[in-house]
Amino acid sequence: MSDILIVDDERDIRELISDILEDEGYSTRLAGNSDDCMAQLNTEAPGLMILDIWLKDSRMDGIDILKHVKRNNPDVPVVIISGHGNIEIAVAAIKQGAYDFIEKPFNIDQLLVVIRRAMETSRLRRENNQLKRKDPATAEMIGNSATFRAMVGQLDKVTKSNGRVMLTGPAGAGKEIAARYVHTHSSRAEGPFVVVPCASIDPDRMEQVLFGRESPERGVEKGLLEEAHGGVIYFDEVADMPLGTQSKILRVLVDQQFARVGGTDKVRVDLRVISSTGRDLDAEIAAGTFRQELYHRLNVVPVAVPSLSERREDIPLLSDHFIEDLHKTQGLPKRALSDEAAALMQTMNWPGNVRQLRNVIERVLILGDSRAEIGVEEIPGEEERTDGEGRVVLSGALATMPLREAREAFEREYLLTQINRFGGNISRTAQFVGMERSALHRKLKSLNVVTTSKAGARVAHVEDEDETEPAE
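Residues numbered from 1 in each chain as written. Predicted model: local features only at pLDDT ≥ 70, side-chain atom pairs only at ≥ 80, totals over all residues. Heavy atoms only, no water.

What follows covers the overall build of the protein. Helices and strands together make up the secondary structure of the protein, namely 19 helices and 16 strands. Across the 472 residues in the protein, those meeting the buried criterion constitute 44%. Expressed as a percentage of contacts within the protein between residues at least 6 apart in sequence, the contacts between residues at least 24 apart total 68%. When the accessible surface of the protein is summed, it comes to about 24500 Å², and 48% of that surface belongs to carbon and sulfur atoms. (Helix = DSSP H or I, 4+ residues; strand = E, 2+ residues; numbered from the N terminus. Buried < 20%, exposed > 50% of the residue type's maximum accessible area, 1.4 Å probe, protein only. Contact = heavy atoms within 4.5 Å. Areas by Shrake-Rupley, 256 points an atom, 1.4 Å probe, with all protein chains shown as cover.)

Have a look at this one:
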């Protein structure tokens, strides 16, 4: 958007203006009638237009073109020129959104002054819009586990392309953060990042929200697709998109253009698409609730975002990050997390994943003693594991077992938890539990506990009949 489109039915005039502007360092495009002008606009919006009011042998005059530009590209300044100028035409042009009106024969110095001012106004308007839509949400990736590093390695590869990315993983695992990371480290980082929360938009309004709408009463209202032009649009939980909308989005992906609801003019967009889902899309396709063609268009580069249980090593690091962030943004106490509390949190179930972890940290900082480090007794749910005297409360299942079976069940679950807490590292597990590594290997073998590779990390689990790989 740095060139100038000159529209005039007189060849000598448009070429003269072009020569003058190119001598001043501007790049130009030329159109001799309305059809040529519309074709140029549909190819790419210019930085500025110089538009003649009267266009011979054209379907549209300058005022009609001006209305079209102000409707579809309101940030493009339009300077009107005419050899038949009068006050009525000038007033009509300004009312329709023209930046200025110059009468032929024009003074070159006057034209250049108007163009410089219009280009500067346009630049400031674009910068202002970019600042307004610049999302302050973080794209910082926190973690050091093998599973996490493997995912970041995949994200780093896709940032270098314009390919569509499908992020899969449970709710709260950080799929949107991963999408923002791709955007921030791509060539589109200066463009917008627009989120489409498919699950929370009323299905009856989905198309208006995405495509925008036109009406005589309210004029043009841009949708999220237009707002994302030049950047990234992120379809959060894309499986919740209505089936009818899916077919229209598929057409947008193919053509990179669409019509607003209630309108007929085609709107061209330049978008990179990132999607996410916590569902099994193959099952959704089989059930007829998700279009297979759209799935193949969106799933060019699949990236799995691990759950918190798959990256337990990162829990202390994530907790420290949330403590620091909540201290800066909300003024909550900056407390240290005790080793015991960190160890406990690494053994807990986290169905809400990273989002749940942040909520727990926030709750502890709000309700806890700001002068002391965070202890195990402050971790929500820990009170259910002990009685008032600090004794461990047995689960109903363990309490009904004979001692030998209960001890074996406890040892199995305890060692599974510890191995997964240390990302499958047997040496670190042995050191923590106070066993020789060889003794730990024998114990794991007797308990049928094995480790296998998953997403770049070692994961411990109870051996199935068809598994043969021992714990390492």
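Right, let's get into the nonpolar core. Membership of the largest hydrophobic core comes to 32 residues, with the highest contact counts inside it found for L225, I233, F235 and I249. Contributing elements (two or more residues each) for this core: strand 7 (193-197), helix 8 (206-211), helix 9 (224-227), strand 10 (232-236), helix 10 (243-255), helix 11 (281-286) and helix 12 (292-298). The contacts of I249, once residues within four sequence positions are left out, are L210, F211, L225, F235, M241 and L294. Counting residues in each nonpolar core, the second largest holds 24 residues, with C37, L55, I63 and I65 among its members. (Core = buried A, V, L, I, M, F, W, Y, C linked by side-chain atoms within 4.5 Å.)

Time to look at the pairing of strand 10. Judged by how many residues are buried, strand 10 sits mostly within the fold: 4 of 5 residues are covered. Here strand 7 pairs with strand 10 via 5 bridges, running parallel. Residue V194 lies in a different strand from strand 10, and its bridge partner there is I233. Where strand 10 and strand 13 (residues 272-277) come together, 4 bridges link them in parallel fashion. Bridge pairing in strand 13 places I233 opposite V273. (Pairing = 2+ DSSP bridges.)

Each pair of packed helices can be summarised by the angle the axes make with each other and by the distance between the axes. Running from amino to carboxyl end, helix 6 (residues 146-158) crosses helix 7 (residues 175-184) at an angle of 40 degrees, the nearest separation of the two axes being 9 Å. As summarised for this structure, helix 6 and helix 7 are arranged oblique, according to the angle between their axes. Two packed elements cross with a definite hand, and for helix 6 against helix 7 that hand is right-handed. Residues V152, L155, D156 and V158 of helix 6 form the contact with helix 7, whose own contacting residues are A178, Y181 and V182. Grouping the amino acids of the contact of helix 6 with helix 7 by side-chain chemistry returns 6 nonpolar, no polar and 1 charged. (Axes fitted to C-alpha atoms, helices over the stretch in contact; angles between N-to-C directions. Parallel < 35°, antiparallel > 145°, perpendicular 65-115°, else oblique. Left-handed = near helix turned anticlockwise from the far one by under 90°. Nonpolar A, V, L, I, M, F, W, Y, C, P; charged D, E, K, R; others polar.)

Now for the environment of V209. Tracing the sequence through the fold places V209 in helix 8. For V209, a relative accessible area of 18% translates into the label buried. A C-alpha to C-alpha distance of 6.2 Å links V209 and L224, two positions 15 residues apart in sequence. In this structure V209 touches I201, G223 and L224, once residues within four positions along its chain are discounted.

Attention shifts here to the pattern of salt bridges. According to the stated counting rule, one finds 25 salt bridges in the structure shown. A salt bridge links K443 to E411, with the nearest nitrogen and oxygen atoms 3.2 Å apart. Of this pair, K443 sits in helix 19 (residues 437-446) while E411 sits in helix 17 (residues 403-421), and the two are 32 residues apart along the sequence. By relative accessible area, K443 is classed as partly exposed at 27%. Among the charged side chains, a salt-bridge network with shared partners connects D8, E10, D52 and K104. (Salt bridge = Lys/Arg side-chain N within 4 Å of Asp/Glu carboxyl O.)

Below, the discussion takes up the packing of helix 13 (residues 315-330) against helix 15 (residues 353-367). At a closest axis distance of 9 Å, the pairing of helix 13 and helix 15 adopts a crossing angle of 55 degrees. Viewed along their axes, helix 13 and helix 15 adopt a mutual orientation that is oblique. Helix 15 is crossed by helix 13, and the crossing has right-handed handedness. Mapping the contact onto sequence places I315, L318, S319, F322, I323, D325, L326 and Q330 in helix 13 and V354, L357, R358, I361, E362 and L365 in helix 15.

Ordered by their spatial adjacency, 5 strands build an open sheet running 7-10-13-6-14, and the pairing between neighbours is parallel. Whereas interior strands pair on both sides, the edge strands pair on one side only; in this sheet they are strand 7 and strand 14 (301-304). Strand-to-strand twist in this sheet, taken as the mean axis angle between neighbours without regard to direction, amounts to 20 degrees. Most of the contacts of helix 6 go to strand 14, to which it runs at about 155 degrees, and overall it touches strand 6 (165-168), strand 13 and strand 14.

Let us look at unusual backbone geometry. Following K104, the chain continues into P105 via a peptide bond in cis, with omega recorded as -10 degrees. For P105, the location among the structural elements is in the loop between strand 5 (100-103) and helix 5 (108-133). Unlike most non-glycine residues, Q256 shows phi in positive territory, near 55 degrees. Inspection of the secondary structure puts Q256 in the loop between helix 10 and strand 11 (257-259). Positive phi, close to 60 degrees, is recorded for N353, a residue that is not glycine. Relative to the helices and strands, N353 is located in helix 15.

Scanning the entire structure with this criterion turns up 4 aromatic pairs. When the ring of F193 is compared with that of Y234, the centres are 6.0 Å apart and the planes differ by 25 degrees; the resulting orientation is stacked. Residue F193 is located in strand 7, and its partner Y234 is located in strand 10; the two are separated by 41 residues in the primary sequence. Judged on exposure class, the residue F193 and its partner Y234 are both buried. With a centroid separation of 5.7 Å and an interplanar angle of 20 degrees, the aromatic rings of F410 and Y414 are classed as stacked. Placement of both F410 and Y414 in helix 17 is noted, with a separation of 4 residues, approximately one turn of the helix. For F410, a relative accessible area of 48% puts it in the partly exposed group. The partly exposed category is assigned to Y414, whose relative accessible area is 30%. (Phe/Tyr/Trp six-rings, centres within 6.5 Å; stacked < 30°, edge-to-face > 60°.)

This brings us to helix 17. The end-to-end C-alpha distance of helix 17, which contains 19 residues, comes to 26 Å, matching closely the 27 Å that a straight helix rising 1.5 Å per residue would cover. Of the residues flanking the end of helix 17, it is G423, one or two places downstream, whose phi is positive at about 65 degrees. (Expected span 1.5 Å × (residues − 1).)

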